[in-house]
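Close look at the chain arrangement
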Amino acid sequence: MNKAIQAAIERHAIGCYPQECCGLIIREGRKRVYVPCSNTARTPDEHFRLAPEDFAGAEERGEVLAVVHSHPDYPATPSEADRVACEASGLPWHILQVRSHESGQIEPGEMVHLQPSGYQAPLLGRAFAHGVHDCLSIVLDYYQREMHIDLGSFEREDGWWERGGNLYLDNLPAAGFERVHSLQQGDIVLMQIRSPVPNHAAIYLQDGTLSTEREHFPTPGAILHHLYGRDSRRDTYGGYWAEVTTGYWRHRQAPR
């Protein structure tokens, strides 16, 4: 990274403070340049979501080389969500700390560089970041790691259930799921929580274990899920969770 690119990133990050900035480094002809992008996250002071149209525009200009974002008043150390999203992007990431002082001055701090390295976040105890670590991510990761079924990926915006979306019912059948009337290990429990449509999914753990994370004690009859704003966890299925359940879904490749 040359001095001109770093200076451009610092200006952008300071200008966006106290929100996170985001952008891309591209190769445009024979030179490398920084392309500022829009952060469309619902909580831009805590997360970033790089506008898809900005990414497409950068690709039209040249080769995308790296992703950039800032951590306002927070160390540049990559979060778990940063590490996972870096892996998904297949690109290097650069994270810049931006700090404010009592005088009101805002200045850049440390910049940390992150490379894809094969990192996978644990199923239990991961922090929430919509679109990276949420209830759908738990389903996708569980099926890939525990059942060796690749369900693909699904683009979604935060709050899709409030904007006329129906993510689960629109995609479950095409992804190989069918409705069932009883539960077994690995089934999806679909729920509707303060929403006009089903908007939360959990994995039923009949034996309460995860074969890829043996260090956790068994909790038979639990669900593995990731609630909005909380760490992923297991909860005993029943009570409130049963009340908000709309149905059970089983993949066609699951053991019968």
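Heads up: the structure comes first, above all this text.
Residues numbered from 1 in each chain as written. Predicted model: local features only at pLDDT ≥ 70, side-chain atom pairs only at ≥ 80, totals over all residues. Heavy atoms only, no water.

1. Digging into helix α4 (residues 135-146)
Keep this limit in mind: Strands here mean DSSP runs of E at least two residues long; helices mean DSSP runs of H or I at least four residues long; both are numbered from the N terminus. The span one expects for a helix is its residue count, reduced by one, times 1.5 Å. Accessibility here uses a 1.4 Å probe with only protein chains present; expressed as a share of the type maximum, an area under 20% marks a residue as buried, one over 50% as exposed, and anything in between as partly exposed. Here, two residues are considered to be in contact whenever any of their heavy atoms come within 4.5 Å of each other. Polar contact criterion, stated in full: a pair of N or O atoms within 3.5 Å, where within protein one must be able to donate a hydrogen and the other to accept it, and residues adjacent in sequence count only if both atoms are side-chain atoms.
Taking 1.5 Å of rise per residue, twelve residues should cover 16 Å, and α4 covers 16 Å from first to last C-alpha, within 8% of that figure. Judged by how many residues are buried, α4 sits mostly within the fold: eleven of twelve residues are covered. Looking at α4, one finds that the buried residues are Cys135, Leu136, Ser137, Ile138, Val139, Leu140, Asp141, Tyr142, Tyr143, Arg145 and Glu146. Contact partners of the buried residues in α4: α5 (167-171), β6 (177-180), β7 (188-191), β8 (200-205), β9 (222-225) and β11 (245-251). Regarding α4, its N-cap is Asp134, as a side-chain oxygen of that residue lies 3.3 Å from the backbone nitrogen of Leu136 further along. One or two positions beyond α4, positive phi appears at His148, with a value near 55°.

2. Here's the deal with helix α1 (residues 3-16)
Selection criterion: Read the arc as the range of directions from the helix axis to the C-beta atoms.
Look at α1: 20 Å from first C-alpha to last across 14 residues, which is about the 20 Å you get at 1.5 Å a residue. Turning to α1, its buried residues are Ile5, Ala8, Ile9, His12 and Ala13. Seen along its axis, α1 keeps its buried residues to an arc of 130°; they face one direction. The outward face of α1, more than 90 degrees from its buried face, is lined by the exposed residues Lys3, Ala4, Arg11 and Gly15. Next to the buried residues of α1 lie β1 (22-28), β2 (31-37), β3 (63-72), β4 (93-100) and β5 (106-114). The opening residue of α1 is Asn2, an N-cap whose side-chain oxygen sits 3.2 Å from the backbone nitrogen of Ala4.

3. Some points on the sheet that holds β5
In any sheet, the strands associate via hydrogen bonds between backbone groups, in a parallel or an antiparallel arrangement. The test is simple: In this analysis, strands are considered paired if DSSP registers two or more bridges between them. Think of each axis as a best-fit line through the C-alpha atoms, taken over the contacting stretch in the case of a helix, with angles from 0 to 180 degrees between the N-to-C directions.
Here we have five strands laid out as an open sheet, ordered β2-β1-β3-β4-β5, and mixed in their pairing. Strand pairing shows two members of the sheet lacking a second neighbour, β2 and β5, which therefore form its edges. On average, each strand axis in the sheet is tilted by 25° relative to the strand beside it, whichever way the strands run. Bridge analysis of β4 against β5 gives seven bridges, and the strand direction is antiparallel. Across the sheet, residue Val98 finds its bridge partner in β5, namely Pro108. Running at roughly 5° to β2, α1 makes contact with β1, β2, β3, β4 and β5 of the sheet.

4. Considerations on the side chain of Thr219
Tracing the backbone shows Thr219 in the loop between β8 and β9. Residue classification places Thr219 among the buried residues on the basis of a relative accessible area of 18%. Beyond its immediate sequence surroundings of up to four residues, Thr219 is in contact with Leu205, Asp207, Gly208 and Arg234.

5. Some words on unusual backbone geometry
Each neighbour pair has its own omega, and for Tyr17 with Pro18 the value is 10°, a cis peptide bond. Examined against the element boundaries, Pro18 turns out to sit in the loop between α1 and β1. Although it is not a glycine, His148 sits at a positive phi angle of roughly 55°. Among the secondary structure elements, His148 is positioned in the loop between α4 and α5. A relative accessible area of 67% means that His148 is categorised as exposed. The phi torsion at Arg194 lies on the positive side, around 45°, for a residue other than glycine. Looking at the element boundaries, Arg194 is found in the loop between β7 and β8.

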